[in-house]
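Now for the letters of each chain:
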Amino acid sequence: MRCNLMRRLGAAAILMLTAHPLWADNHALVVGASTYTNLDEKFWLRGPANDAVLVKTYLTTTAPVPFPEGNVIMLADGVTASDGDPTLQGIRDAFATLQAKLQPGDFVYLHFSGHGTQTPAADPDSETDGLDEMFLPIDIGPWDDTIGSVENGLVDDEIGALIAGLRNTGATVWAVFDACHSGTVTRGAPADADDVRLRKLAPDSLGVPASALMAADTAASRGLPSNPRNRPPSPVADAVAAGQDAGAFVAFYAAQTNETTPEKRLPRGDPERKSLGVFTYTLFETMAENPNLTYRQLGQEVLRKYAVQNLALSTPMFEGDLDAHIFSGTPGEKVLQWPVREGEFGLSLNAGALHGLKTGEILAVLPTAASATMDAIGYVEVLSTDTFSTELNPITHAELAAFDPYDLPTGSFARKLSSRVDFTLRVARPKGILSADVTDALVQIEKDFNGRLLMVDPGLDADVRLSIMPDSSRPDAIWMLSGSGLFSSDQEMSIPSVGTANRSGAEIATLLLDNLERMGRAINLMRMGGHFDNAELGVELELQTKNRQQPDLRTLDTTAVPILVPNDQVHVLAHNGEAFPIDANILHIGVDYSITHFFRGRLQPGDTLKKGLFRVTNDTFGRDRVVVILSPAEAQSEIEDLRFLGQSAVEILRGTEEQGSDFANALRTAGFGQTTRGAVSLDEDSGPEPVILQFDIDTVPDPKK
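Treat the numbers as computed from the prediction; the structure is a model and nothing was measured. (Residues numbered from 1 in each chain as written. Predicted model: local features only at pLDDT ≥ 70, side-chain atom pairs only at ≥ 80, totals over all residues. Heavy atoms only, no water.)

(A) Structural view of the overall build of the protein chain. A count of helices and strands for the protein chain gives 9 helices and 39 strands. The burial tally for the protein chain puts 56% of its 705 residues in the buried class. Of the accessible surface of the protein chain, which amounts to about 29,000 Å², a share of 49% is contributed by carbon and sulfur atoms. (Helix = DSSP H or I, 4+ residues; strand = E, 2+ residues; numbered from the N terminus. Buried < 20%, exposed > 50% of the residue type's maximum accessible area, 1.4 Å probe, protein only. Areas by Shrake-Rupley, 256 points an atom, 1.4 Å probe, with all protein chains shown as cover.)

(B) Inspection of the packing of helix 1 (residues 47–61) against helix 5 (residues 278–289) at higher detail. Two elements in contact, helix 1 and helix 5, have axes separated by 10 Å at closest approach and are oriented at 15 degrees. Between helix 1 and helix 5, the angle falls in the class roughly parallel. The way helix 1 lies across helix 5 gives a crossing that is left-handed. Facing Asp 51, Leu 54, Val 55 and Tyr 58 of helix 1, the residues of helix 5 in contact are Thr 280, Tyr 281, Phe 284, Met 287 and Ala 288. Partitioned by chemical class, the residues of the contact of helix 1 with helix 5 number 7 nonpolar, 1 polar and 1 charged. (Axes fitted to C-alpha atoms, helices over the stretch in contact; angles between N-to-C directions. Parallel < 35°, antiparallel > 145°, perpendicular 65-115°, else oblique. Left-handed = near helix turned anticlockwise from the far one by under 90°. Contact = heavy atoms within 4.5 Å. Nonpolar A, V, L, I, M, F, W, Y, C, P; charged D, E, K, R; others polar.)

(C) Examining the sheet that holds strand 5 (residues 116–120) more closely. The 3 strands lie next to each other as 5-6-9, forming an open sheet whose pairing is antiparallel. Each end of this open sheet is capped by a strand with a single partner; those strands are strand 5 and strand 9 (154–155). Summarising the sheet, strand 6 (residues 131–135) and strand 9 pair through 2 bridges and their orientation is antiparallel. Note that in strand 9 the partner of Phe 135 across the bridge is Leu 154. (Pairing = 2+ DSSP bridges.)

(D) Expanded view of the sheet that holds strand 4 (residues 107–113). Read across the sheet, 6 strands follow the order 3-2-4-10-13-16 without closing on themselves; strand pairing throughout is mixed. Of all strands in the sheet, those with a lone pairing partner are strand 3 (72–76) and strand 16 (317–319), marking the two edges. This sheet shows a mean twist of 5 degrees between the axes of neighbouring strands, independent of strand direction. Strand direction decides the pairing type here: strand 2 (residues 26–32) and strand 4, joined by 7 bridges, are parallel. Paired with Val 30 across the strands is His 111, a residue of strand 4. Contacts between helix 5 and the sheet are confined to strand 4, strand 10 (172–178), strand 13 (249–253) and strand 16, with strand 10 contributing the most and set at about 135 degrees to the helix.

(E) Quick peek at helix 8 (residues 505–529). For helix 8, with 25 residues, the first-to-last C-alpha span of 36 Å sits near the 36 Å given by 1.5 Å per residue. Of all the 25 residues making up helix 8, 20 are buried; the element is thus mostly covered by neighbouring parts of the structure. (Expected span 1.5 Å × (residues − 1).)

(F) Representation of the nonpolar core within the structure. By size, the foremost hydrophobic cluster in this structure holds 47 residues, and its most contacted members are Tyr 58, Phe 67, Tyr 109, Trp 174, Phe 252 and Phe 327. Among the elements that line this core, the one with the most residues is helix 5, at 7 residues. Not counting residues within four places of it along the chain, the set of residues in contact with Phe 67 comprises Asn 26, His 27, Ala 28, Leu 59, Thr 60, Val 72, Phe 107, Tyr 109 and Phe 327. Core analysis: the second largest hydrophobic core is formed by 42 residues, Ile 140, Leu 162, Val 173 and Met 317 among them. (Core = buried A, V, L, I, M, F, W, Y, C linked by side-chain atoms within 4.5 Å.)

(G) Representation of the packing of helix 5 against helix 6 (residues 295–309) in the model. For the pair helix 5 and helix 6, interaxial distance at closest approach is 10 Å and the crossing angle is 120 degrees. Considered as vectors, helix 5 and helix 6 are oriented oblique to each other. Between helix 5 and helix 6 the crossing geometry is right-handed. Facing helix 5, whose interface residues are Val 278, Phe 279, Thr 282, Leu 283, Glu 285, Thr 286, Met 287 and Glu 289, helix 6 presents Leu 298, Glu 301, Val 302, Lys 305, Tyr 306 and Gln 309. Of the residues in the contact of helix 5 with helix 6, the class split is 7 nonpolar, 3 polar and 4 charged.

(H) Representation of the pattern of salt bridges. Taken as a whole, this structure holds 19 salt bridges when the rule is applied. Between Lys 56 and Glu 69 there is a salt bridge whose closest N-O contact spans 3.9 Å. Here Lys 56 is found in helix 1, whereas its partner Glu 69 is found in the loop between helix 1 and strand 3, with 13 residues between them in sequence. Taking the relative accessible area as the measure of exposure, Lys 56 reaches 11% and is therefore buried. The exposure class assigned to Glu 69 is exposed, which follows from its relative accessible area of 54%. The partner of Asp 457 in a salt bridge is Arg 429, and the shortest N-O contact between them spans 3.1 Å. Of the two residues, Asp 457 is situated in the loop between strand 25 (453–456) and strand 26 (464–467) and Arg 429 in the loop between strand 24 (425–428) and helix 7 (436–448); the sequence distance between them amounts to 28 residues. (Salt bridge = Lys/Arg side-chain N within 4 Å of Asp/Glu carboxyl O.)

(I) Representation of the pairing of strand 35 (residues 595–603). In terms of burial, strand 35 is largely enclosed, as 8 of its 9 residues are buried. One ladder, built from 8 bridges, connects strand 34 (residues 582–589) with strand 35; its direction is antiparallel. Residue pairing across strands places Ile 586 opposite Phe 599, the latter belonging to strand 35.

(J) Spatial organisation of the side chain of Ser 371. You can see Ser 371 is positioned in the loop between strand 20 (362–366) and strand 21 (378–385). Among the polar contacts made by the side chain of Ser 371, one reaches the side chain of Thr 368 at a distance of 2.7 Å. Residue contacts for Ser 371: discarding those within four places in its chain leaves Leu 366 and Arg 415. (Polar contact = N/O pair within 3.5 Å; in protein donor to acceptor, adjacent residues only side chain to side chain.)

(K) Just empty space enclosed by the protein, in detail. When its volume is computed, the largest cavity comes out at roughly 50 Å³. If you trace the largest cavity, you find it lined by Gln 300, Leu 303, Arg 304, Thr 558, Thr 559, Gln 694, Phe 695 and Asp 696. Mapped onto the lining of the largest cavity, the elements with two or more residues apiece are helix 6 and strand 39 (691–699). In terms of residue class, the lining of the largest cavity is built from 2 nonpolar, 4 polar and 2 charged. (1 Å grid on protein atoms, 1.4 Å probe; cavity = no way out; pocket = protein on both sides within 12 Å on 5 of 7 lines; lining within 4 Å. Points joined across faces, edges and corners; volume = space filled by probe spheres on them.)

(L) Molecular detail of the confidence of the model for the protein chain. Taken as a whole, the protein chain shows an average pLDDT of 83; of its residues, 82% reach a score of 70 or greater. A low-confidence stretch, residues 1–19 (pLDDT under 50), is modelled with 119 contacts involving residues beyond four sequence positions or located in other chains. For residues 220–224, every residue scores under 50 in pLDDT, and the model assigns this stretch 15 contacts once sequence neighbours within four places are set aside. (pLDDT = per-residue confidence, 0-100.)

(M) Just the environment of Thr 87, in detail. Position of Thr 87 relative to the elements: it lies in the loop between strand 3 and helix 2 (88–101). By relative accessible area, which is 21% here, Thr 87 ends up partly exposed. Excluding residues within four positions of it along the chain, Thr 87 makes contact with Pro 137, Ile 138 and Asp 139. Among the polar contacts listed, one links the side chain of Thr 87 to the backbone nitrogen of Gly 90, at a separation of 2.9 Å.

(N) A look at the packing of aromatic side chains. Inspection of the entire model under this criterion finds 18 aromatic pairs. Centroid distance Phe 95 to Phe 112: 6.4 Å. Interplanar angle 20 degrees. Geometry classified as stacked. Of this pair, Phe 95 sits in helix 2 while Phe 112 sits in strand 4; the two residues are 17 residues apart in sequence, bridging distant segments of the chain. One aromatic cluster is present, built from ring pairs that chain together Tyr 58, Phe 67, Phe 107, Tyr 109, Trp 174, Phe 252, Phe 284, Tyr 295, Phe 318 and Phe 327. (Phe/Tyr/Trp six-rings, centres within 6.5 Å; stacked < 30°, edge-to-face > 60°.)

Below you can see the structure in the form of structure tokens.
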């Protein structure tokens, strides 16, 4: 398991990013540690080496700013093109080599992929929990009582010092850590075909004595944050302090300090997929699809993909000047077209699955990059695709005959025609010998799900995994787990399950079908968000909160996934800066898959909306989502009404055609049904293409109550 590592990024350490000078160079250090020869083979990883190859390939072929191959140092064991092994000394030497090359204004990308862990801090007062976070080079050794540490570990303080050395040259640094150090999860259903591995190495695996961990905890001068709304601090925090003229620093982390992060075989559905860090792949997939994002937009889209695809239980973390553009680049549009070139077996693109291309997809071929789609000179079908390349075949389409590849004009581009939303809910069957009634129920629900449910074998890629867990509190029940098949040990009682004892196949099918329909609707609403999140609507929007102890409204940092406790309120503040009206619908998706519609209204040009949405209750805790749907409106038209999206919650323990806009009809196609109420509303109120905005919020109990 890759454990969240190094994240102690103090606000004082983050300087404003400057525009990328034309004369500046781009550099990178990519570390992928997989094979730990001093540890039992069961602790070895498969993904970090693949992560390193993916990252270097992206930087040297696809990144929005140029990274000359000679400027990218890759340390990855088992990779032929590696510049060395990711040992402790190898990493130190690579930092020294990199620092010697840097000039003011340069940009540096750092990527760490591998195991992390915790050990007693050399200075317990320097850590809130008395523990150091540590990245594990491949030559990591066991605990040594004589030095009070493990051998060859790369401690967060040293990483911070190495990064500060780079920044002191005047270079901007973006560091990504796909590693974690703690957290516990349980595998409730198999995902063998995806080879899911959790990247965490427990301290006792390195021989760290329990007595040393207890002593560190006792000696810590500061406990963990007492306010339940606070997240643990970032490991690289104070350590990255640098000089007055230092370059800026942005950091992305795969998980919080008390969470785990996985690797699995990606991309989804590709028979040739490889083990990759979920965070690494999702991050670079998002950048390949839109290389002109700000760091904040990139982080928010990663969070949305985690939610829609059930990728992991962890919460990625993003810190620094998040409103600057990635790689110190410039604003731009989402990339939906690529130059067509002659490949080994015909026409091809230097873009692939990482860029969102899929086998069978049809692309328009245009004479130039600036041509309108209606000026297409022909069409091609995607024959095959891998991570960074695609093979094409000319076809007859839209009344244009298939063209001869030899007649293709130089400088032609292939452009996406549309983004397809797959509303299919993939459900993995339970593993093991099933009773006749359960088998009958699974056959029945696939027939009754209107063709949008696909049952797959255990271990195959899925949105929902059904599981029978004999050691659980309900050994006879069918549990409905997320696609990873994993859950935290404290989450068992919040997982939907259907008891099978003394029930017929038809009764089991009815209960399963109702739960799956509700889960599918919530998942599909989030899926649509990825296809309506790029329109340039001039609407300023933020979420706010207040409570009895702090009655003044304050802005929620939604990129950090805020934590709220019972009786905290959530409000929205929005301003329409467009010259035309915009309709707004605001919904809440609960951790229990409930969808509650809280607001429907029209913002005229210049209007400001101040609206109290909901109050957190004691009913359920976990990851909730606020979804804001903005639709450009015609004057005098009916206000877009999306109240039909509402639904009640999935029960945890349980034994007509309508008219509307094209956008509303698309949502109906996603499988949404009757309107019901599922949360506590607040009655406080004053005041191009649709956009779906999603904001994640964690709700937790208040330990003081």
